[in-house]
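Tertiary structure, described
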Amino acid sequence: MEFDRTLIKNQCLINGKWVDSTDNKVIDVTNPATGEKINQIPHLTENQIEEAIQSANNALPAWKNTTAAERTKLLKNWLQLVEKHAHDLACMIVEEQGKPYAEALGEVHYAASYIEFYQEEIKRISGDILPSPFPKSRVFINKQPVGVVGIITPWNFPIAMMARKVAPALAAGCTCVIKPDEKTPLSAFTIIALAQQAGIPTGVLNVVSGNPAEIGNALCKSNLVRKISFTGSTKIGKLLMQQSADTVKKLSLELGGNAPFIVFEDADIEQAVEGLIQAKFRNGGQTCVCANRIFVHKDILAEFSDKLQAKVKAFKIGNGFEQSDIGPLINQQAFDKMLYLIADACDKGAEITTGGKPHQLGGTYFEPTILSGVNNKMEIFSEEIFGPIASIISFTDTEEVIAMSNDTKQGLAAYFYSKDMNRIWQVAEALEYGIVGINRGAISSAWMPFGGIKESGQGREGSKYGIEEYLETKYICLGE
Ligand code: SIN
């Protein structure tokens, strides 16, 4: 598919300049659909990472003192450029991430929706006046930007997760050092180049790439960085939390999930199957809110499974530019994980009803799979699958399925299908999750607070709650 390749950025941004590594080291970027190298990005030195942090710190005083109206105007300019180049950005995502073009374009609009939401939210950042407990004094509550933010984004939504963090940070008056995932940096670099083109001042946004562990450590250890916002695995989230302890940073962590998807016996089965297709197979199963354990009441198991199989067998697998429904997995490691989880489940008694093996296209393409007879002894019950495997577990009663659903360290998203109002409230309140979708498989939106509890992280992204993560509350007491 044709697109404007001259827009692609493959350098890092430090203090307003797009730069290579001073020691000329590079990291290859490959297309997961073909395995071909498509570009290369800088592997910055430690000194360059420090320069990026310093640049964000130098830009902070001026940026945090811009008026709300100025920031609104600049975010609006950015939004317009992202929308203008939606097709170009979508093509970059397909090439480096592998998702189908329609989903990539959906991701660009999803990214744009965060910029749109937060350019509007700027005018609602407001403080408070509280009654004073002290004689002859007044109490004011101010909201102020946190300061320099270290932003670390994942490969599964390279620009949507970027916009979800950068837009509220800018809206609040923070400056940023951003590290996109090295597997999918091009669309991320490019959307930041569009922000620069939109007029975001020099030094406010800095973009780095290199050794992820070194960059994470440098951001966490720095006294200049006041907050880390990270989307990725629970393992890395815990490490960043430890590394941030010395400087007591504010943290937003959007980590792994293990979403239950429960279908009760009174559910609309067609609707539940449709919802599962969205909740399980979006982005080839590579999202942290993907349905991971599908609990189906035994009375409707056969009908539900037949309907699901028919849909899954109809999926077109292929290159994202070829009108496919599911693209390749991101890399060999992800592919090997599918083989491992399926082998482990089958060894312990699960059955493959559909798929279950590498796809004939080769590379990291994997057949969309349905496993039945899954139980909590299998790795797939507790591991985040992050791929196109639907694992089905049958259940008989409500208490039992709530207990099984909560039997995990994660607590990001949960879904269930039922028409019974009493049950709906009982289950929604009992599920230990930050997000609960009822009779819906698609729950993500810039208008809503996205985030988890337990080991799925802390903090919320999106909505009026999301901007609070980039603001400090200051109490000012004025005596006479
Ligand atoms: C994620 O997988 O990290 C985010 C998914 C979403 O925003 O829906």
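In what follows, the structure referred to is the one given above.
Residues numbered from 1 in each chain as written. Predicted model: local features only at pLDDT ≥ 70, side-chain atom pairs only at ≥ 80, totals over all residues. Heavy atoms only, no water.

**Digging into the overall build of the protein chain**
Applied cut-off: For helices the rule is a DSSP run of H or I covering at least 4 residues; for strands it is a run of E covering at least 2, with both sets numbered from the N terminus onward. The globule rule used for comparison is 2.2 Å times the number of residues to the exponent 0.38, while the radius of gyration itself is calculated over C-alpha atoms. Between buried and exposed lies partly exposed: a residue is buried under 20% and exposed over 50% of the maximum accessible area for its type, with that area taken using a 1.4 Å probe on protein chains only. The contact definition used throughout considers only heavy atoms, calling two residues in contact when any of these lie within 4.5 Å. Here, Shrake-Rupley sampling with a 1.4 Å probe gives the accessible areas, and only protein chains in the shown set may cover a residue. All tallies of charge rest on Lys and Arg as positive and Asp and Glu as negative; His and the ends of each chain are not included. To locate a charge, take NZ of a lysine, CZ of an arginine, CG of an aspartate or CD of a glutamate.
A count of helices and strands for the protein chain gives 15 helices and 22 strands. Scaling as 2.2 N^0.38, a compact globule of 480 residues should have a C-alpha radius of gyration of about 23 Å, and the protein chain matches this with 23 Å. Burial analysis of the protein chain (480 residues in total) assigns 58% to the buried set. Of all intrachain contacts in the protein chain linking residues separated by at least 6 positions in sequence, the fraction that spans at least 24 positions is 73%. Approximately 19500 Å² of the protein chain is accessible, and the part contributed by carbon and sulfur atoms is 51%. Positive and negative charge centroids in the protein chain, built from 47 and 56 side chains respectively, lie 6 Å apart.

**Some remarks on the packing of aromatic side chains**
Just so we agree on the cut-off: Note on aromatic contacts: the rings of Phe and Tyr and the six-membered ring of Trp form a pair at centre separations within 6.5 Å, being stacked when their planes are under 30 degrees apart, edge-to-face when over 60 apart, and tilted otherwise. Criterion for a charge above a ring: Lys NZ or Arg CZ within 6 Å of the ring centre, and within 35 degrees of the ring normal.
Under the counting rule described, the total for this entry stands at 10 aromatic pairs. Relative to Y118, the ring of F117 has its centre 5.2 Å away and its plane inclined at 75°; by these criteria the two rings are edge-to-face. Its relative accessible area of 0% is what places Y118 among the buried residues. The ring of F450 is capped by R164, whose NZ or CZ atom sits 4.0 Å from the centre of that ring.

**Describing the environment of F366**
Tracing the backbone through its elements, the reader meets F366 in the loop between β14 (351-354) and β15 (369-372). With a relative accessible area of 1%, F366 lands in the buried category. When the C-alpha atoms of F366 and M338 are compared, they prove to be 8.1 Å apart, with 28 residues separating the residues in sequence. When near neighbours in sequence (up to four residues on either side) are disregarded, F366 contacts L329, F335, M338, L339, I342, G356, K357, P358, H359 and P388.

**A short note on the sheet that holds strand β18 (residues 413-417)**
Which entries qualify depends on this criterion: Pairing between two strands is assigned when DSSP locates at least 2 bridges connecting them. To get an axis, fit a line to the C-alpha atoms, keeping to the stretch in contact for a helix; angles then go from 0 to 180 degrees between the N-to-C directions.
Across the sheet, seven strands lie side by side as β14-β15-β16-β13-β12-β18-β19; this open sheet has mixed pairing. Edge positions in the sheet fall to β14 and β19 (435-438), since each of these pairs with one other strand and no more. For this sheet the average axis-to-axis angle between neighbouring strands, irrespective of direction, equals 25°. Taken together, the three bridges between β14 and β15 define a ladder with antiparallel strand orientation. When the sheet's bridge partners are listed, I352 is paired in β15 with L371.

**Re the nonpolar core**
Nonpolar side chains in soluble globular proteins generally cluster together in the buried interior. Formally: By nonpolar core we mean a set of buried residues, namely Ala, Val, Leu, Ile, Met, Phe, Trp, Tyr and Cys, connected to one another through side-chain atoms within 4.5 Å.
Counting residues in each nonpolar core, the largest one holds 92 residues, and the members touching the most others are W78, I192 and L205. What W78 contacts, discounting residues up to four positions off in sequence, is I115, V166, A167, L170, I191, I192, L194, A195 and A198. In terms of nonpolar packing, the next biggest core, distinct from the first, is built from 68 residues, L308, V312, I389 and I393 among them.

**What about the pairing of strand β6 (residues 137-145)?**
Sheet analysis places strand β5 (residues 128-130) next to β6, joined by three bridges and oriented antiparallel. Pairing of L130 across the sheet is with V139, part of β6. Taking the residues between adjacent antiparallel strands as the criterion, β5 and β6 are bridged by six residues, where K136 takes a positive phi near 50°. Bridging between β6 and strand β22 (residues 471-479) involves nine bridges; their strand directions are antiparallel. Opposite N142, over in β22, you have K474 as the bridge partner.

**Let's talk about the packing of helix α3 (residues 86-97) against helix α6 (residues 185-197)**
Selection rule: Throughout, the term roughly parallel applies to angles under 35 degrees, roughly antiparallel to angles over 145, roughly perpendicular to angles from 65 to 115, and oblique to all others. Gly counts as polar in this scheme, as do all residues outside two lists: the nonpolar Ala, Val, Leu, Ile, Met, Phe, Trp, Tyr, Cys and Pro, and the charged Asp, Glu, Lys and Arg.
Two elements in contact, α3 and α6, have axes whose closest approach is 8 Å; the angle formed by their N-to-C orientations is 155°. By the angle class used here, α3 and α6 are roughly antiparallel. Where α3 abuts α6, its residues L89, M92, I93 and E96 lie against P185, L186, S187, A188, T190, I191 and L194. In terms of residue class, the contact of α3 with α6 is built from eight nonpolar, two polar and one charged.

**Points about the sheet that holds β6**
Backbone hydrogen bonds are what pair the strands of a sheet, in a parallel or an antiparallel way. In spatial order, the strands read β5-β6-β22; together these three strands make up an open sheet with antiparallel pairing. The open sheet terminates on both sides in strands that have one partner only, identified here as β5 and β22. This sheet shows a mean twist of 25° between the axes of neighbouring strands, independent of strand direction.

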